[in-house]
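Residue-level structural notes
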Amino acid sequence: MYTTMEYYSNVFPYIYINMIKVGELSGSLTNSLEQALKYLDDSDSITKQVKKILIPNIIQFSVILLLLIVGTLVIVPYIEGIFASVETNAKIPELTMWFFNFINFMGRIWYVPTFLIIGTISGIIFYINTPKGKYNFHYFKYTMPIFGKLIYSLDFSRFIKAMLLNLNNGMRIQDSLEVSKNVVKNYVFLSMVETSINNILIGQSWIEPFEKSGLTSSMIIEMLKIGMQTDLSQMMEKLVEYMEMDIQNILDKIMQVMPQLVYSIVGVVLILFVLVVFVPMLEVSTGSFLLDAIDY
């Protein structure tokens, strides 16, 4: 079935095709389908949780930023007109004037930042499409703040589950590694698996590349080492249970950190809005600038 699905890779995602492949080659298609379904449910759940935090705050951030820009462009000329009409010595706050001048300056040279942004994005995309760039980008995905550890844990968990299916159906570790690597598309992970296979050929530990990478926790490494000395399949079953709890803990921490991070960004923009737009409006509404006009 997986060979047919490969012809329609634009319909079936890479990860599902290779989960089916592992199931068919290991003779455990039912279990593989269950894993694919669970992965789909977990991914959908994570996406919904992230969207629930990000979307409302992104909308709020965009609205405040738009009010800041439009408010500055409207309020500053209006206040300057009022000050000129009463011949007051009062001045618009320096921060407001700086932001107003900055917006006008960016409006005059809008093509420069636009060109820089487009050029930067195009350069990054071109670099990522090179072998070295793709490898570095995939490594960044595993080490990036907030989500990096979660992405690696999900890939490693999926890989271990695929290995377990193969081992339970009598495959050798080397063959199991070869088949199971297809469930992960990350170049960094694939390089570790290829090194593991080569280590087996020369009589070294297949666990060593994962240990040296610094991405796999010491707990997981020790469980795999103990499994090699006892019953690897049984230890991998326990490892899968441990990793599911670990992934949930990582996800819980992300859900705690993300709101604080997003609220901080929105808060900074809100403070800037108050200082740039609201303070001058308050000065006009209270009429404090008239005292300077009387003195004048």
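Refer to the structure presented above.
In this report, we go over the structure that sits alongside the text.

1. Let's talk about the overall build of the protein
Secondary structure assignment for the protein yields 13 helices and zero strands. Taken from the N to the C terminus, the helices and strands of the protein come in the order α-α-α-α-α-α-α-α-α-α-α-α-α. For a compact globule of 296 residues, the expected C-alpha radius of gyration is about 19 Å, and the protein comes in at 29 Å, more than 25% above that figure. Considered along the principal axes of its C-alpha atoms, the protein spans approximately 95 × 35 × 35 Å. Burial statistics for the protein: of 296 residues in total, 37% are counted as buried. Counted over contacts in the protein with a minimum sequence separation of 6, partners at least 24 positions apart contribute 63%. Summing over all exposed atoms, the protein offers an accessible surface of approximately 17,400 Å²; the carbon and sulfur share of this is 65%. Averaging the coordinates of the 20 positive side-chain charges in the protein and doing the same for the 25 negative ones gives two points 6 Å apart.

2. Description of helix H9 (residues 187–201)
The first and last C-alpha atoms of H9 sit 21 Å apart over 15 residues, in line with the 21 Å expected at 1.5 Å per residue. Every buried residue of H9 is listed here: Val188, Phe189, Met192, Val193, Ser196, Ile197 and Asn199. Where H9 is buried, its residues touch helix H6 (131–143), helix H7 (148–168), helix H8 (173–180) and helix H10 (208–213). Where H9 starts, the residue carrying a side-chain oxygen 2.8 Å from the main-chain nitrogen of Val188 turns out to be Asn186. Phi turns positive one or two residues past the end of H9, at Gly203, with a value near 80°.

3. With respect to the pattern of salt bridges
One pass over the structure, following the stated rule, counts seven salt bridges. Close ionic contact of Arg158 with Asp155 constitutes a salt bridge, the shortest N to O distance being 2.5 Å. Of this pair, Arg158 and Asp155 are both found in helix H7, three residues apart, which corresponds to roughly one turn of the helix. As far as burial versus exposure is concerned, Arg158 and Asp155 are alike and both buried. Taking the shortest distance from any N to any O, the salt bridge between Lys181 and Glu178 comes out at 2.9 Å. Given the relative accessible area of 13%, Lys181 is considered buried. Among the residues examined, Glu178 registers a relative accessible area of 34% and is labelled partly exposed. One continuous salt-bridge network, built from bridges that share partners, spans Glu178, Lys181 and Glu194.

4. Brief notes about the nonpolar core
Phe156, Phe159, Phe189, Trp206, Phe210, Leu224 and Met236 are the most contacted members of the largest nonpolar core, which totals 38 residues. Secondary structure elements with two or more residues in this core: helix H2 (14–26), H7, H8, H9, helix H11 (218–229) and helix H12 (232–286). Ranked by residues supplied to this core, first place goes to H7 with nine residues. Dropping the residues within four chain positions of it, Leu224 is found in contact with Phe156, Ile160, Trp206, Ile207, Leu232, Met236 and Leu239.

5. Regarding the environment of Phe147
Checked against the element boundaries, Phe147 lands in the loop between H6 and H7. Residues within four places of Phe147 in sequence aside, it is in contact with Val50, Ile254 and Met258.

6. Thoughts on a nonpolar patch on the surface
Where nonpolar side chains cluster on the molecular surface, the patch consists of Leu95, Trp98, Phe102, Leu270, Ile271, Val274, Leu275, Phe278, Val279 and Leu282 and spans about 880 Å² of accessible area. For Val279, the position within the fold is in helix H12.

7. What to know about the side chain of Ser157
Residue position: Ser157 is located in helix H7. Look past the residues within four positions of Ser157 in its chain and what remains in contact with it is Met243 and Ile247.

Calculation notes
Residues numbered from 1 in each chain as written. Predicted model: local features only at pLDDT ≥ 70, side-chain atom pairs only at ≥ 80, totals over all residues. Heavy atoms only, no water. Helix = DSSP H or I, 4+ residues; strand = E, 2+ residues; numbered from the N terminus. Rg over C-alpha atoms; globule rule 2.2 N^0.38 Å. Buried < 20%, exposed > 50% of the residue type's maximum accessible area, 1.4 Å probe, protein only. Contact = heavy atoms within 4.5 Å. Areas by Shrake-Rupley, 256 points an atom, 1.4 Å probe, with all protein chains shown as cover. Lys, Arg positive; Asp, Glu negative; His and termini not counted. Charge placed at Lys NZ, Arg CZ, Asp CG, Glu CD. Expected span 1.5 Å × (residues − 1). Polar contact = N/O pair within 3.5 Å; in protein donor to acceptor, adjacent residues only side chain to side chain. Salt bridge = Lys/Arg side-chain N within 4 Å of Asp/Glu carboxyl O. Core = buried A, V, L, I, M, F, W, Y, C linked by side-chain atoms within 4.5 Å. Patch = residues over 30% accessible without salt bridge, like charges linked within 9 Å, V, L, I, M, F, W, Y side chains within 5 Å.

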